[in-house]
Amino acid sequence: MASHGIKDRVAIVGMGCTRFAEHWDSGADELLRTACDEAFAGPGLAKEQIDAYWLGTAQSGMSGITLARPLELVGKPVTRVENYCATGSEALRQAAYAVASGAYDVAMAVGVEKVKDSGYQGLNAFPIPGDGTARTVTAAAMFSMVVPAYAAKYGVSAEDMRTVLARIASKNHANGARNPKAQFRKEWSVEQLIAMPRVAGELSVFDCAGVADGAAAAIVVRAEDALRYTDRPLYIKALSLVAGNGLPLGDPAYDYTTFPEIVAAAEDAYRQAGVTDPRRELAMAEVHDCFTPTELVLMEDLGFCERGKAWREVLSGAFDLDGDLPVNPDGGLKSFGHPVGASGLRMVYEAWLQLRGEAPAGRRIGTFGQRELALTHNLGGYPGEMVGFVSILGTRLGPRSGAGSGAGSRVESVAGSGSAA
């Protein structure tokens, strides 16, 4: 990777997030205003003090006017971006690089999606003309292929595999049940989830993330200016985005047990941040659990454990709220919900709360106060053909105790060993 990164050059000083839900009484305008107002309030900024805005949305607007109208912005540049389910992360990436470049002093990234009363059952891709060879199966069907592939490669029985997936869903629902902004706030036992009927391969409805409405926002400034706005900023350590080319779909060697784009994005992000052992250096991770087998594979692709060992780590509770590395402490896509344009920023919002000690005691990560870095991971697309995003955020500037330079890192030997040709 050629990225030099912008480590410690940009800080997040304000964030906001709506509840993710079926907002039948609110449109995109109301959701945008709610998220932005919360973000403005923290650092005490007014909309006029933001130099430039980036808006991420997949289907809730076609230009910057989608944000300029509800905020009644005057004379401000607003750029609308879209990058599949990594759209919110794309908005943050572009706003952060704009500040790092010196083009602007204060920028804002906003993500929104409003689909529940749009006439669609859920999020639908626009009909882009093709050559007739595109897939015709659903997202659930595509990700369901991970299950038998992983089981066969690592010798996991069908019964154990089902228990592992149910354990992931149960964990995330337990976390979401403690989160007032989550879409689904009911706990489900592993036994209840195992008993659910299948809808795609071995996946039940409860293995799939919900479709929701929602918005989230972040304000970024130069790191040296951060303390003017808040005494507890989050410093951006790494931002990495990789766009796949889709070639693994036609490669017989691709076996659905890894997402190559995520491996590449993670390795690049760790190099930028100087992280050598993510399992020990990260306080938490928010990952894109669009389906339960996705989270399983991500534990290995992100270097949190060795290849073929994630299923055992899940069963041991390693990624629980009080585990060795808490994953999706806010409930993840599975429980918090997934309004596509907002999800990437929602992940950063949880890191904002947890690392600053603002998460309620009942759902505070067990690593709080012991480590100071968080990872967010966002993807869009399907196995073999996706975009992948990884960010690393931290509470302090400069070198961290126990952190290395990135050379010869553990994650390169672990994550890199499983990447597909």
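Residues numbered from 1 in each chain as written. Predicted model: local features only at pLDDT ≥ 70, side-chain atom pairs only at ≥ 80, totals over all residues. Heavy atoms only, no water.

Draft legend 1. Spotlight on the overall build of the chain. Across its full length, the chain carries 14 helices and 11 strands. Against the compact-globule benchmark of 22 Å for 421 residues, the chain has a radius of gyration of 20 Å, which places it among compact chains. Expressed as lengths along the three principal axes of its C-alpha atoms, the size of the chain is roughly 60 × 55 × 45 Å. Residues classed as buried in the chain amount to 62% of the 421 residues present. Approximately 15,600 Å² of the chain is accessible, and the part contributed by carbon and sulfur atoms is 52%. A gap of 3 Å separates the mean positions of the 40 positive and 49 negative side-chain charges of the chain. (Helix = DSSP H or I, 4+ residues; strand = E, 2+ residues; numbered from the N terminus. Rg over C-alpha atoms; globule rule 2.2 N^0.38 Å. Buried < 20%, exposed > 50% of the residue type's maximum accessible area, 1.4 Å probe, protein only. Areas by Shrake-Rupley, 256 points an atom, 1.4 Å probe, with all protein chains shown as cover. Lys, Arg positive; Asp, Glu negative; His and termini not counted. Charge placed at Lys NZ, Arg CZ, Asp CG, Glu CD.)

Draft legend 2. Inspection of the environment of Met15 at higher detail. Tracing the chain through its elements places Met15 in strand E1 (residues 10-17). In contact with Met15, not counting residues within four places along its chain, are Glu38, Ala39, Ala217, Ala218, Leu345, Val348, Tyr349 and Trp352. (Contact = heavy atoms within 4.5 Å.)

Draft legend 3. Geometry of the sheet that holds strand E4 (residues 106-113). Ordered in space as E3-E2-E4-E7-E1-E8-E11-E10-E9, the nine strands form an open sheet in which the pairing is mixed. Of all the strands in the sheet, the pair left with one neighbour each is strand E3 (78-81) and strand E9 (282-286). Recorded for the sheet is a direction-independent mean angle of 25° between the axes of neighbouring strands. Where E4 lies against strand E7 (residues 214-222), eight bridges are found, and the strand directions are antiparallel. Across the sheet, the residue bridging to Val106 is Val221, located in E7. Sitting on the sheet, helix H3 (residues 87-100) is in contact with E1, strand E2 (52-56), E3, E4, E7, strand E8 (234-243), strand E10 (373-382) and strand E11 (385-394), with an inclination near 170° to E4. (Pairing = 2+ DSSP bridges. Axes fitted to C-alpha atoms, helices over the stretch in contact; angles between N-to-C directions.)

Draft legend 4. Region of the structure containing the confidence of the model for the chain. On average, residues of the chain carry a pLDDT of 92, and 92% of them reach 70 or more. The low-confidence segment residues 400-421 (pLDDT under 50) makes 57 contacts with residues lying over four places distant or belonging to another chain. (pLDDT = per-residue confidence, 0-100.)

Draft legend 5. Representation of the pairing of E7 within the structure. Counting buried residues along E7, eight of its nine residues qualify, which places the element largely inside the surrounding structure. Here E1 runs beside E7; their pairing, made up of seven bridges, is antiparallel. When the sheet's bridge partners are listed, Ile12 is paired in E7 with Val220.

Draft legend 6. Spotlight on the side chain of Lys334. Locating Lys334 in the fold gives a position in helix H12 (residues 332-336). The side chain of Lys334 is buried and forms no salt bridge, while Asp289, the nearest opposite charge, is found at 7.1 Å. A polar side-chain atom of Lys334 sits 3.4 Å from the main-chain carbonyl oxygen of Phe206. There is a polar contact of 3.4 Å between the side chain of Lys334 and the backbone oxygen of Cys208. Once residues lying within four places of it in the same chain are set aside, the contact partners of Lys334 are Ala169, Asn172, His173, Phe184, Phe206, Asp207, Cys208, Ala209, Gly210 and Asp289. (Salt bridge = Lys/Arg side-chain N within 4 Å of Asp/Glu carboxyl O. Polar contact = N/O pair within 3.5 Å; in protein donor to acceptor, adjacent residues only side chain to side chain.)

Draft legend 7. Local environment of the UniProt feature "domain: Thiolase C-terminal" (unreviewed entry) in the chain. If you check UniProt for "domain: Thiolase C-terminal" (unreviewed entry), the listed places come out as residues 256-383 in our numbering. Helix makes up 44% of residues 256-383 and strand 12%, and the two end C-alpha atoms of the span are 6 Å apart. (UniProt positions renumbered as here; feature names shortened; annotations may be inferred.)

Draft legend 8. Representation of helix H8 (residues 260-273) within the structure. For H8, which comprises 14 residues, the first-to-last C-alpha distance of 20 Å matches the rise-based estimate of 20 Å (1.5 Å per residue) to within 8%. Counted residue by residue, H8 has 12 buried out of 14 residues, so it is predominantly covered. All of the buried residues in H8 are Pro260, Glu261, Ile262, Val263, Ala265, Ala266, Glu267, Asp268, Ala269, Tyr270, Gln272 and Ala273. Gly274 sits one or two positions beyond H8 and adopts a positive phi of about 75°. (Expected span 1.5 Å × (residues − 1).)

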